[in-house]
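Notes for the structure review
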Amino acid sequence: MLDFVRQAGIIAGKDLLLELRSRGRIASMLVFAALVAVVFAFALDPTEPVRDVAGAMLWVTVVLAALLGLGRAYVVDREEDALTGLLLTPVNRGALFIGKVVANLVLLLITELIIFPVYGLFFQLPLWDPLPTLALVVVLASVGVVAVGTLFGAMTISTRLGETLLPVLLLPLVIPVVIYAASATQRLLVGRPTAEVLGSLKMLLAFDIVFLVVCTLAYPSVVEE
Amino acid sequence: MEILEPDLGMDPVVQSDLGPLKPIRRWAVRLTVLGGLLVLVALWMVFFYAPTEREMGIIQRIYYIHVPTAWLGELAIGILALCSLGYLWLRDDRLDAIAVSSAELALLFLTATLTAGPLWARVAWGAWWVWDARLSFTLILWFINIGYFMLRGAAENPEQGKRFASILALVAAADVPLIHMSVYWFRTQHPKPVVMNPEGPTAAPEIVQTLLFSTLAFTVLFAGLLLYRYGFERLKRHLDLLRARAGYDGGSMEGAVRR
Amino acid sequence: MEKWFGGHPAVQKIDFSLSPGEFLTIFGPNGAGKTTLLRLLAGSLRPTRGEVLLSGAPLDYDETAWRRRIGVLSHRTFLYGHFSAVENLRLYGRLYGVDAVSERIEAGLRQVGLWERRDDRVGTYSRGMQQRLALARTLLHDPEIVLLDEPYTGLDPHAAAMLRGVLDHLRDGRRAVVLVTHNLSQGLELADRVVVQVAGRWVSDEPRSSIDPVAFERVYTERVGGLA
């Protein structure tokens, strides 16, 4: 068990260090998310209360940015076939998956850390008051999206359509996350009490647990023949 | 240097035993014909036996088709998920053949459901689409179904295609309860305009009977079509193997078959 | 064992054993299934029929500790361009559970002549240097079984000579080495046992001592060379 965590840590560290060196993914994710916010600002009628759709806007943006990051998660591992090299080592395949999930999660959380305040700024959203609960919603929802996305990212990148196939496969599957996260966020932004979003939080947690387990178990079949 | 003769024990062509296909074919034909006849009877019942619904008129009769197709679409997805799990576990090619046959039928029935649904909604609620929980859920299943075929088609080789598609089916199966819960919960947050109760104050016995019979008829037809498609898929795979063998040898199809 | 891909038999009924200290060279044209055979031996692929035995025990694909005993050098280097040589080796060292990792990294890099460039990103290396680093990576965890898939590809004469030197070192009596190559002279140089694989089968399996290089080259080019 400890070995599993240690190995996952090595893999996550490797991915994050590589990302630090190349900065490719995080930059695209951040710039993309910011631009989506700008597009929304111009697409929406400024006289209408944006607060009503803020939850939806935020989560659509997050999911799209996540797709961008998850689609390219395996590019460096395929350049010189390093993934095969990793699979030749005794590393636990589940740990390999979780390490990848952690790294992708960190990148997504960093993106959200920037993007939520940007939206708050653009549309005068009261993010500060509900912050602890809001942060919890963000973390739980992100784990779910990244867990499923890391599995399917591994699949799609080794197909002929590549990462362009990822949205087609991932979006229907993460609709529950979007429903609960957007709804909870929306309520928190209009000042509803935390108690009202507890149900959504529980569902997000359930999603996370189910898919962390299912995807970890499915991962070896994806990377090995 | 001496050339050793290959041992064909594990030859997939030999393994792809076509023996059971004859009875499958027979049953496929029987069930399809029976199903077809039952559907004709059901249609008669729909138009002549069941009473015309007071408020909705003729269009209400689409209900008798819509409900069975929805049920069968979901059944087909269920079969797909089960056989995909079986395939991943046992790596038996036949399970994958059932899975892909079921996936195709699922697409057929789900599309039918999504076509009939808006027609119904227009008459019942005045709008073509009102994010009714059932329809929304069906829509998501439909997209997953499309994704299944896109993933299969985009794979680098058929084996990868089967493996990946099965994993997708598995993950989708785990997701279905959550999608169901979330979509229905979403619906309760956004009540639709309830114009009328489509079934009337009491469901007349003729209505219930017609519905049940129609469901039975379509289910029999579904079973027949599934067997038909499965038989066809097995034959197709056998042919592909023979072709691969012939291509590899640089020889003819005849030679491949003989061996 | 056999390995079928769909209807295509990549490896047909190859049955052999390899002893410690044995250096086996496999020649053969493209498409003979040599890479597939190596992948089966490395445990990357499962045979359709038959099994791979390591020290008499079949490979357990769910458990992974035995992978520590095998080292693989392929024509892809398995390296990360954004990492330095040391960082790449440290990653693999940690995953293989190598003791005294820093010392072994230094020894390995010196052996392939890359110690001076150890902190440079591998993306800046030439092809030959990358292959040398890949060799260091292969041997980092001191594997008993070394599988080399066309390691001379893309190497300049200097690097090739260095590779030959390292391979010679591997013939220490306790390791088993399998070398797949197109290059007849390099393959014959160090081999104890020479095999020719064509269309998934072994058509020849002779001890090196019974082979006359000139005759072998003539027959090979005649019978097999045309198939490449």
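Rules used throughout
- Residues numbered from 1 in each chain as written.
- Chains lettered and ligands numbered in written order.
- Predicted model: local features only at pLDDT ≥ 70, side-chain atom pairs only at ≥ 80, totals over all residues.
- Helix = DSSP H or I, 4+ residues; strand = E, 2+ residues; numbered from the N terminus.
- Rg over C-alpha atoms; globule rule 2.2 N^0.38 Å.
- Buried ≥ 20, exposed ≤ 12 C-beta atoms within 10 Å, placed from the backbone.
- Contact = placed C-beta atoms within 7 Å.
- Pairing = 2+ DSSP bridges.
- Axes fitted to C-alpha atoms, helices over the stretch in contact; angles between N-to-C directions.
- Left-handed = near helix turned anticlockwise from the far one by under 90°.
- Nonpolar A, V, L, I, M, F, W, Y, C, P; charged D, E, K, R; others polar.
- pLDDT = per-residue confidence, 0-100.

Our focus in this paragraph is the overall build of chain A. From N to C terminus, chain A includes 10 helices and zero strands. Starting at the N terminus and walking to the C terminus, you meet the elements of chain A as α-α-α-α-α-α-α-α-α-α. Taking 17 Å as the expected radius of gyration for a compact globule of 225 residues, we find that chain A reaches 18 Å, a close match to that expectation. With respect to the three principal axes, the spread of C-alpha positions in chain A is 60 × 35 × 30 Å. The proportion of buried residues among the 225 residues of chain A is 52%. In chain A, the proportion of contacts linking residues at least 24 apart, taken out of those at least 6 apart, comes to 84%.

Bringing unusual backbone geometry into the picture now. One non-glycine residue, R23(A), adopts positive backbone phi at about 55 degrees. Relative to the elements of secondary structure, R23(A) occurs in the loop between α1 (2–22) and α2 (24–43). Using a count of 11 C-beta atoms within 10 Å as the deciding quantity, one classes R23(A) as exposed. Unlike most non-glycine residues, D142(C) shows phi in positive territory, near 55 degrees. Looking at where D142(C) falls in the secondary structure, it is placed in the loop between α4 (127–139) and β7 (145–149).

Residues and elements named next belong to chain C. An order of β6-β7-β8-β3-β9-β10 is seen for the six strands of this open sheet, with the pairing classed as mixed. In the strand order of this sheet, the two ends are held by β6 (70–73) and β10 (201–207), each with one partner. Across the sheet, the mean angle separating the axes of adjacent strands is 15 degrees when strand polarity is ignored. Its contacts with the sheet put α4 on β6 and β7, and the angle it makes with β6 is roughly 170 degrees.

Quick look at the packing of helix α9 (residues 175–189) of chain A against helix α6 (residues 158–189) of chain B now. For the pair α9(A) and α6(B), interaxial distance at closest approach is 8 Å and the crossing angle is 35 degrees. Of the two elements, α9(A) crosses α6(B), and the hand of that crossing is left-handed. Packed against α9(A), whose contacting residues are I175(A), P176(A), I179(A), Y180(A) and S183(A), the element α6(B) presents L178(B), I179(B), S182(B), F186(B) and Q189(B) at the interface. When grouped by side-chain class, the residues that make up the contact of α9(A) with α6(B) number seven nonpolar, three polar and no charged.

This part takes up the confidence of the model for chain A. Chain-level statistics for chain A give a pLDDT mean of 92 and a share of 100% at 70 or above. Within chain A, helix α4 (residues 75–79) of chain A has the poorest average pLDDT of any element, 90, and helix α8 (residues 166–173) of chain A the best, 96.

What follows is about the interface of chain B and chain A. Contacts between the two partners involve 24 residues from chain B, matched on the other side by 24 residues from chain A. Of all the elements in the fold, those that place two or more residues in the side of chain B that touches chain A are α5 (133–154) and α6 of chain B. Residues belonging to the side of chain B that touches chain A are distributed by class as follows: 18 nonpolar, three polar and three charged.

All right, on to the pairing of strand β3 (residues 23–27) of chain C then. All names here are of chain C. Among the five residues of β3, five are classified as buried, and the element is accordingly described as predominantly covered. In the sheet, β3 pairs with strand β8 (residues 176–180) via four bridges, with the strands oriented parallel. The residue of β8 that forms the bridge with F23 is V177. Relative to strand β9 (residues 193–198), β3 runs parallel, the two sharing four bridges. Within β9, the position partnered with I26 by the bridge is V195.

All names here are of chain C. Most of β7 sits out of view: four of its five residues are buried. Bridging between β6 and β7 involves four bridges; their strand directions are parallel. Paired with V72 across the bridge in β7 is L147. Pairing between β7 and β8: five bridges, direction parallel. The partner of V146 across the bridge, within β8, is V177.

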